Amino acid sequence: MSDRNDVVLETRGLKKHFPITQGIVFQSKVGAVRAVDGVDLQLRRGETLGVVGESGCGKSTLAKLLVGLEKPTAGSINVRGQDMVKLKGGMLRRARRNIQMVLQDPYTSLNPRMTVGDIIGEPFEIHPEVTPRKGREKAVQDLLDTVGLNPDHVNRYPHQFSGGQRQRIGIARALALKPEIIVCDEPVSALDVSIQAQVINLLEGLQRDFGLSYIFIAHDLSVVRHISDRVAVMYLGKVVEIGGDEQIYENPTHPYTQALLSAVPVPDPRLRGHRDQIVLEGDVPSPANPPSGCRFRTRCWKAQPVCAEQEPLLQIRERSPHPSACHFAEPRDVVHAV
């Protein structure tokens, strides 16, 4: 059991429902898309928590909730004991300094009309108490040097940098306010494989140097395993399994996690004939009308009547050494290449 003082971020019952309306002039609510629907997470000091799942499972919406780009429908987001959902005004502005974000696409997340110096220094305009105005140019140059870029390029524009360099600029901007937590929303998915490794190594080095804690969201399971201490698996707005990286990758207990891992390509021809690939039937249900009980039951080969009647809680079970939201959770060997 971890020390409560080590928990830097905690969510309880976090939900984000986007209303579905009809009508042009007089709009009426006819339903809601349950993008995030009751997520409980803990992030510890100096830890990387990976979040994985297929497209549409709610990963990016979760990231936006954590940094305040979306307002939750319900639930709490506690950063160092302060509920970000309840804070307002100056208290909220000061608290948000402690949690920053690295966006997915380095080509669209940087303003093409601003110099690199202005982009990285912009947080100082919003939080002037962090760095005095006279010291900001030096602070920006130091940040560029920290992420492996030439400090003399402070007056260049984003189009003069490669994709990997632009993502380093985005990381420097996230570091400007000296946060304790950084939410990385698929930070390497738009980069070439060789550049991905460089950016991942940079993130790991910064974590060691500054004691950062990461929420690392990605769809590449091998990247998540490389960088994460623990992994949370999401499906239709909920976390269905969470545990240490070895627990999730070597002993997955939820059928959805097992199916995800079985889909990873196996490059070793000696293993291809021994892999246990799981092919899921049917389409992913709509988050506007999720199935009753277990949301995965419509595609699950283990589904029983109880799965439609009772929603399984995310908890440790008799055959699952780590929390899993499945009535029949048990480990299953899956040959994979991660």
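Computed from a prediction, not measured in an experiment: that's the story for all the values here. (Residues numbered from 1 in each chain as written. Predicted model: local features only at pLDDT ≥ 70, side-chain atom pairs only at ≥ 80, totals over all residues. Heavy atoms only, no water.)

### Considerations on the pattern of salt bridges
Logical step 1: Scanning the model with the defined rule gives 17 salt bridges in all.
Logical step 2: Between Glu10 and Arg12 there is a salt bridge; the shortest N-O distance is 2.8 Å.
Logical step 3: For Arg12, a relative accessible area of 43% puts it in the partly exposed group.
Logical step 4: Note that Glu180 is salt-bridged to Arg80, the shortest N-O span being 2.7 Å. (Salt bridge = Lys/Arg side-chain N within 4 Å of Asp/Glu carboxyl O. Buried < 20%, exposed > 50% of the residue type's maximum accessible area, 1.4 Å probe, protein only.)

### Describing helix H5 (residues 163–175)
Logical step 1: With 13 residues, H5 should cover 18 Å at 1.5 Å per step; its first-to-last C-alpha distance of 19 Å lies within 8% of that length.
Logical step 2: Counting buried positions along H5 yields twelve of 13 residues, so the element is predominantly enclosed.
Logical step 3: Within H5, the full set of buried residues consists of Gly163, Gly164, Arg166, Gln167, Arg168, Ile169, Gly170, Ile171, Ala172, Arg173, Ala174 and Leu175.
Logical step 4: Buried residues along H5 sit against strand E6 (99–102), helix H3 (116–126), helix H4 (136–146), strand E7 (181–185) and helix H6 (193–210). (Helix = DSSP H or I, 4+ residues; strand = E, 2+ residues; numbered from the N terminus. Expected span 1.5 Å × (residues − 1). Contact = heavy atoms within 4.5 Å.)

### Comments concerning the domain arrangement of the chain
Logical step 1: On domain assignment, one finds that the chain holds domain 1 (1–21 + 30–98 + 179–195 + 210–228), domain 2 (113–178) and domain 3 (254–337).
Logical step 2: Of note, the centres of domain 1 and domain 2, computed from C-alpha atoms alone, are 24 Å apart.
Logical step 3: Facing ten residues of domain 1, the contacting portion of domain 2 comprises twelve residues.
Logical step 4: Surface buried jointly by domain 1 and domain 2 totals about 920 Å² across both partners, of which 65% is contributed by carbon and sulfur atoms.
Logical step 5: The largest contributions to the domain 1 side of the interface with domain 2 come from Arg93, Arg97 and Pro179, which together make up 57% of the buried area.
Logical step 6: Put simply, domain 1 and domain 2 have two salt bridges between them.
Logical step 7: The partner of Arg93 in a salt bridge is Glu129, with the nearest N and O atoms 3.6 Å apart.
Logical step 8: On the surface where domain 1 and domain 2 come into contact, there are four residue pairs in polar contact (both at pLDDT 80 or more). (Domains from an automatic or database assignment. Buried area = accessible area lost by both parts, 1.4 Å probe. Polar contact = N/O pair within 3.5 Å; in protein donor to acceptor, adjacent residues only side chain to side chain.)

### A closer look at unusual backbone geometry
Logical step 1: We note that Arg80 has phi near 55°; this positive angle belongs to a residue other than glycine.
Logical step 2: Topologically, Arg80 is positioned in the loop between strand E4 (74–79) and strand E5 (82–83).

### With respect to the packing of H3 against H5
Logical step 1: Axis separation between H3 and H5 bottoms out at 7 Å; the angle between their running directions is 30°. Classed by the angle they form, the pair H3 and H5 counts as roughly parallel. Crossing hand, H3 versus H5: right-handed. Each of Val116, Ile119, Ile120 and Pro123 in H3 lies in contact with H5, whose residues at this interface are Ile169, Ala172 and Arg173.
Logical step 2: For the contact of H3 with H5, the residue count by class is six nonpolar, no polar and one charged. (Axes fitted to C-alpha atoms, helices over the stretch in contact; angles between N-to-C directions. Parallel < 35°, antiparallel > 145°, perpendicular 65-115°, else oblique. Left-handed = near helix turned anticlockwise from the far one by under 90°. Nonpolar A, V, L, I, M, F, W, Y, C, P; charged D, E, K, R; others polar.)

### Re empty space enclosed by the protein
Logical step 1: Considering all chains together, one arrives at two cavities of 30 Å³ or more under this definition.
Logical step 2: Taken as a whole, the largest cavity spans an internal volume of roughly 70 Å³.
Logical step 3: Pro255, Cys294, Cys300, Cys307 and Cys326 are, among the 13 residues lining the largest cavity, the residues nearest its centre.
Logical step 4: Residues of the lining of the largest cavity, tallied by class, amount to nine nonpolar, two polar and two charged.
Logical step 5: In this structure, the second largest cavity encloses a volume near 50 Å³.
Logical step 6: If you go around the second largest cavity, the residues you meet are Val52, Leu221, Val231, Val233, Ile248, Tyr249, Thr257, Leu260 and Leu261.
Logical step 7: Those elements that provide at least two residues to the lining of the second largest cavity are strand E9 (230–235), helix H8 (245–250) and helix H9 (255–262).
Logical step 8: The class makeup of the residues in the lining of the second largest cavity is eight nonpolar, one polar and no charged. (1 Å grid on protein atoms, 1.4 Å probe; cavity = no way out; pocket = protein on both sides within 12 Å on 5 of 7 lines; lining within 4 Å. Points joined across faces, edges and corners; volume = space filled by probe spheres on them.)

### Looking at the packing of H3 against H4
Logical step 1: One way to put it is that H3 packs onto H4 with a least axis distance of 9 Å and a crossing angle of 120°. The two elements H3 and H4 meet at a crossing, and its hand is right-handed. Within the contact between the two elements, H3 uses Val116, Gly117, Ile120, Gly121, Phe124 and Glu125 and H4 uses Arg136, Ala139, Val140, Leu143 and Leu144.

### A word on the sheet that holds E4
Logical step 1: Pairing is antiparallel in the open sheet, where four strands are placed in the order E2-E1-E4-E5. Every other strand in the sheet has two partners, leaving strand E2 (28–44) and E5 as the edge strands with one partner each.
Logical step 2: By the bridge criterion, 13 bridges tie strand E1 (residues 7–22) to E2 in an arrangement that is antiparallel. The partner of Pro19 across the bridge, within E2, is Ala32.
Logical step 3: Seen against the sheet, helix H1 (residues 59–67) touches E1, E2 and E4 and runs at an angle of roughly 115° to E1. (Pairing = 2+ DSSP bridges.)

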